[in-house]
Amino acid sequence: MEGAEAEEREWAAVARDLLALGYEGFSGSASLGTSCPDFRALCARLAAELATLGALERQREEGTEALSAGDGSVPEEEFLRQLAGLLRELHCPDRKLCGGNCGTSLREPGVRLRLLRFLCSEVQAARLLRLQSRLDPSPEQSGVEGAEEGSGLVQEMVLTLQALGLPRPMPGTPASQLLRDLHAKIVELLPSLPAGSLKPLLSYPLDAPRWEALESLYQSLRDQYCCRRCLLLKRLDLTTSAFHWSDRAEAQGEAMKAVLIPIREALTPESDVSIAHVLAARADLSRLVPATSKTARRGTCCAIHKVLMGSVPDRGGRPNELEAPMPSWQSRREDRGGQKAGRQCWGRKKKK
């Protein structure tokens, strides 16, 4: 009885959040699950607003719908497939939603409640970020002693302050004081998070020799990654240049360059990954999902994978079908001593 009352209070709180966000008419039927068109429509509207606010990079690039409520013969299956991809793109930390079968998990009322709460919180955060960018489109790069204006360190620090809701420090504030303020704010917010949500991936303390070993390993991996990336970029340049050899490319050459050059300039051999990313990594980063698993295939499968290729011409090249080279006799000629002799040479026997 107490559990049912608590669940009703939770749904009432979600209904108030939806009403505050401007979503009306979904409080009564939103708890029926993915089989209910109203529930799917609500999730689709929340995802559409996230895409409009710029929180979904993939949807904005492809120009497709972020989450469809489903209009085909199997609307629920299509909705669940798109929902799994949406949650991965939003980096949802809830294992009930991202791990295993999403459709089976959403049959539980509590999981559906967590899904709506997560989407509502993402919409609220996206609205705040959009409002912040409108109020202050060019924030001052200050607050870190000795840092150059516009540097990556200052930009990361400004984003951290905005995420934590802290005001920008006054010019000349020591970095040590700024870090202490950040630490105090984070310690204040940690109790409000679910248990284990920010468990670090690197939990072992590092001393001076281990830091040196980690730095050496980082430099080695970075150099190797840079070398491999240079090779891939060179292959990309050769591939794109081959498209300009055709006759049709003469008329479309400028249009092709206008599309390819901005994309190519953004690709650099240097990596942005640093030791700071290792320290900031969470434990859920170590959950590796094989690309061929059912969970991954559920979000990447499409109709093209079911198309079977027809007959293709035989291109040959099988070693077991090649004939061995046989000796061939050339015409007799006189050698240096005046005697005639047959000369034997090896070559490939012509096919009949």
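Residues numbered from 1 in each chain as written. Predicted model: local features only at pLDDT ≥ 70, side-chain atom pairs only at ≥ 80, totals over all residues. Heavy atoms only, no water.

### A few points about the overall build of the protein
Here comes step 1: Counting secondary structure elements, the protein contains 13 helices and 4 strands.
Here comes step 2: Classification of the 352 residues of the protein by burial places 22% in the buried group.
Here comes step 3: Put simply, 54% of the contacts in the protein that link residues at least 6 apart link residues at least 24 apart.
Here comes step 4: As presented, the protein carries roughly 25900 Å² of accessible surface, and 56% of it is formed by carbon and sulfur atoms. (Helix = DSSP H or I, 4+ residues; strand = E, 2+ residues; numbered from the N terminus. Buried < 20%, exposed > 50% of the residue type's maximum accessible area, 1.4 Å probe, protein only. Contact = heavy atoms within 4.5 Å. Areas by Shrake-Rupley, 256 points an atom, 1.4 Å probe, with all protein chains shown as cover.)

### A few points about unusual backbone geometry
Here comes step 1: With phi around 55 degrees, H91 is a residue other than glycine that occupies positive phi space.
Here comes step 2: Tracing the chain through its elements places H91 in the loop between α4 (75–89) and α5 (95–98).
Here comes step 3: A relative accessible area of 61% places H91 in the exposed class.

### What to know about the environment of L129
Here comes step 1: Position of L129 among the secondary structure elements: in helix α7 (residues 109–135).
Here comes step 2: Exposure remark for L129: the relative accessible area of 55% places this residue in the exposed category.
Here comes step 3: Sequence-wise, L129 and A55 are 74 residues apart; in three dimensions their C-alpha atoms are separated by 9.8 Å.

### Quick notes on the packing of helix α2 (residues 37–52) against α4
Here comes step 1: Here α2 crosses α4 at 35 degrees, and the two axes come no closer than 12 Å. The chirality of how α2 crosses α4 is left-handed. For the pair α2 and α4, contact is made by R40, C43 and A47 and by P75, E76, F79 and L86, respectively.
Here comes step 2: In the contact of α2 with α4, the residues fall into 5 nonpolar, no polar and 2 charged. (Axes fitted to C-alpha atoms, helices over the stretch in contact; angles between N-to-C directions. Left-handed = near helix turned anticlockwise from the far one by under 90°. Nonpolar A, V, L, I, M, F, W, Y, C, P; charged D, E, K, R; others polar.)

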